[in-house]
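Each chain, written out:
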Amino acid sequence: MPRFVQPAPVLPDVYDDDPVLRSWLGRLLGADGLAAAEGRLKAVAAEVMGPLRAAHADAEAHPPVLHRYDGWGGRVDRVEVSPGWERQRVAAAEHAVVALPYLPDARERWGAGTRVVQHALLHLYGPESATFTCPVAMADGAAALLSVSDVDEGVRAAWLPRLVSTDPAVAITSGQWMTESQGGSDVGRATTAALPAADGSWRIQGEKWFCSAIDSAMAVALARPHGAGQGSRTLAPFLIPRYAADSPLAGFTTAPDSPAPGLRLHRLKDKLGTRAVPTAEVGLQDAYALPLGDPGGGGLARMMTLVVVTRLHNAAAAAAGMRRGLAYARAYAGARGAAGGRLASNPLHRRTLAGLAVDAQAAFALAAHAFVLLGRVESDGDHAADNELRLVAPLAKLTTGKLAVASASEYLECFGGAGYVEDTGIPRLLRDAQVLPIWEGTTNVLAVDVLRALSHDPGLGEAFIARLDEATALASTLWIGGAVDGLRAARFVLMDALPAAAADPRAESVVAGARDLALTMGYALACALLVEHAAATGDEATKVAAELWGRSRLTADETAVDAHRSYDVLCG
Ligand SMILES: Cc1cc2nc3c(=O)[nH]c(=O)nc-3n(C[C@H](O)[C@H](O)[C@H](O)COP(=O)(O)OP(=O)(O)OC[C@H]3O[C@@H](n4cnc5c(N)ncnc54)[C@H](O)[C@@H]3O)c2cc1C
């Protein structure tokens, strides 16, 4: 009897095989805008299908190593990264994954839609980038912060062009040092102090507990300026160069580098996932720093410019990972035999995959909407979009983070035992997904942020209900009964809960219910977005997704048979 060997799943092209992505791009960019973007998108997809997938595997197999001393006992704190990680860095620069929204010709071509195109690049590039999307997110956040008008022109001119360069020899990424061991969510407990120096620069003293992409050429760190009061509002962002001024930064990830004076890497974290990303504990002793804006005021608000961007990247990563997981699971279902046929023709397995496809569509809708808003804020200075983003950024991040972990667990199960075996590459989906609800605000912390947004501007809650009502009317016209029922059920809950949250966000009952409220809002928003997209495009798969999402997430209706019957339209 010959030994049976299951062929590894073969993935179709990640762009061509993603009708959800193309449908949204067609609507958000228009036919001409999409045509103008397709060259970039196909180029990144082609690289993902070849060299980047290999680079991803190499980076995962060879995690970073910290060399604290050289052979003579000198302190070097050098982080050795794999060629695969370096290859991902080069690709991120060349494909303008960070740079696109800052490139004048891109902004001229797509206007506010530049962020939409960037989201599509992230969607294609991210899932098999060995989580290079982490430094990408922080570099984008840093670039957005450096673009703020009250940042010193000299600092901007020195650093921003490199953050947004498409030349790999020039491009740098950034870290983001906020978390301290006594408090990650509660940044107000920060003890890192900043002292002004005679030359206009500052010196930083303190300890940072979670510093990802520590091989980056710079970091944005939160510190308390000398003499400032306690709490979070007095904290200010500072730019800390990671390397000494004479370090060969052009090849900064592979060249023997010299850390900036006063900067010590205690150790790299031994993490559950994101293993290719070097995440360090950092000590700062009189480290050189440049203030990003006036250290005397408005620092935390400026830092939020960065945080909003990284939260959106988090949502993009969650949605993209869900889509790629689906692609792998579908490919496997087409090749694997069970119960007398292919898995792809088994009603129960089809129902499982169809449910995952619906979740992936909902996550994509939330991420896409958040990028649309960001684009409108940056390009048009749109106040309404800015207001809405205050609510949508935490909602999109928290909802997609939770969905991504649940989906990743299912994707592993779709492969049976192979999904649990490291060298299939599948277990990584689950390990890497788990960071998504933790980093940049846990689910609870973001839910509290949603309360804060609602109480700051009660009009947000009213606008939210109005959007649900409009979507209900649309769904009714389109005969998407599940969405009608789901949106009505959500409205019934939110009609009282939103004003109560706005009126007293610190009330015990409001705080205790914050996560439920935020998730209901996230699910309802996703439903409304799917309905709006179905109405604008007539897309059948979106219509089906809105139907099943509304029923499964907002009314807990049974959807098994319909999901199985809709497999081809959802997953085809
Ligand atoms: C892989 C990885 C990479 C990271 N990279 C970075 C980085 O580059 N830079 C950086 O600054 N940080 C980074 N972090 C740290 C991350 O941002 C923090 O771990 C996170 O913000 C939570 O902070 P904490 O660990 O102190 O947990 P805590 O804040 O102590 O939270 C513990 C628990 O308390 C809950 N909680 C906290 N506050 C509230 C509240 N107000 N209401 C209700 N519940 C609450 C949380 O939900 C959580 O469940 C990284 C983390 C990971 C896992």
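The structure we're discussing is the one just above.
Residues numbered from 1 in each chain as written. Predicted model: local features only at pLDDT ≥ 70, side-chain atom pairs only at ≥ 80, totals over all residues. Heavy atoms only, no water.

Thoughts on the packing of helix α14 (residues 481-503) against helix α17 (residues 540-555)
Here's step 1: Two numbers describe how α14 lies on α17: the axes approach to 7 Å, and their chain directions differ by 35 degrees. Relative to α17, the crossing made by α14 is left-handed. Facing Gly481, Gly482, Ala483, Asp485, Gly486, Leu487, Ala489 and Ala490 of α14, the residues of α17 in contact are Ala546, Glu547, Gly550, Arg551, Leu554 and Thr555.
Here's step 2: Its residues placed into classes, the contact of α14 with α17 shows six nonpolar, five polar and three charged. (Axes fitted to C-alpha atoms, helices over the stretch in contact; angles between N-to-C directions. Helix = DSSP H or I, 4+ residues; strand = E, 2+ residues; numbered from the N terminus. Left-handed = near helix turned anticlockwise from the far one by under 90°. Contact = heavy atoms within 4.5 Å. Nonpolar A, V, L, I, M, F, W, Y, C, P; charged D, E, K, R; others polar.)

A closer look at unusual backbone geometry
Here's step 1: Of note, Ala96 is a non-glycine position whose phi angle comes to about 55 degrees, a positive value.
Here's step 2: Take Ala96: its relative accessible area is 1%, and that puts it in the buried class.
Here's step 3: Notably, Ala339 is not glycine yet its phi reads approximately 50 degrees, a positive angle.
Here's step 4: Within the secondary structure, Ala339 is located in the loop between β10 (337-338) and β11 (341-342). (Buried < 20%, exposed > 50% of the residue type's maximum accessible area, 1.4 Å probe, protein only.)

Structural notes on the pairing of strand β5 (residues 202-211)
Here's step 1: With four bridges connecting them, strand β4 (residues 193-196) and β5 associate as antiparallel partners. Bridging from a neighbouring strand, Pro196 pairs with Trp202 of β5.
Here's step 2: Linking β4 back to β5 in an antiparallel pair, the connection comprises five residues, with Gly200 at a positive phi of about 95 degrees. (Pairing = 2+ DSSP bridges.)

A closer look at the pattern of salt bridges
Here's step 1: Evaluation of the coordinates by the stated rule reveals 28 salt bridges.
Here's step 2: Among the salt bridges present, the one from Asp382 reaches Arg376, with a minimum N-O distance of 3.2 Å.
Here's step 3: Through salt bridges with shared partners, a single ionic network connects Arg311, Arg390, Asp449 and Arg452. (Salt bridge = Lys/Arg side-chain N within 4 Å of Asp/Glu carboxyl O.)

Side note on the pairing of strand β2 (residues 75-80)
Here's step 1: The pairing of strand β1 (residues 65-69) with β2 spans four bridges and is antiparallel. When the sheet's bridge partners are listed, Val65 is paired in β2 with Glu80.
Here's step 2: In this antiparallel pair of consecutive strands, β1 and β2, the connection spans five residues, and Gly73 shows a positive phi of 90 degrees.

Let's talk about helix α3 (residues 83-94)
Here's step 1: Taking 1.5 Å of rise per residue, the 12 residues of α3 would be expected to cover 16 Å, and the 16 Å separating its terminal C-alpha atoms lies within 8% of that figure.
Here's step 2: Listed in full, the buried residues belonging to α3 are Gly84, Trp85, Glu86, Gln88, Arg89, Val90, Ala91, Ala92 and Ala93.
Here's step 3: Residues of α3 that are buried sit in contact with α1 (19-49), α2 (51-61), α5 (114-125) and α6 (133-146). (Expected span 1.5 Å × (residues − 1).)

What to know about α14
Here's step 1: Between its terminal C-alpha atoms α14 stretches 33 Å, which fits the 33 Å expected from 23 residues at 1.5 Å a residue.
Here's step 2: Maximum bend of α14: about 40 degrees, positioned at Leu494.
Here's step 3: Those residues of α14 that sit buried are Gly482, Ala483, Val484, Gly486, Leu487, Ala490, Leu494, Leu498, Ala501 and Ala502.
Here's step 4: Contacts made by the buried residues of α14 are with α12 (443-456), α13 (459-477), α15 (508-512), α16 (514-537) and α17. (Bend = angle between axes of the 7 residues up to and from the residue.)

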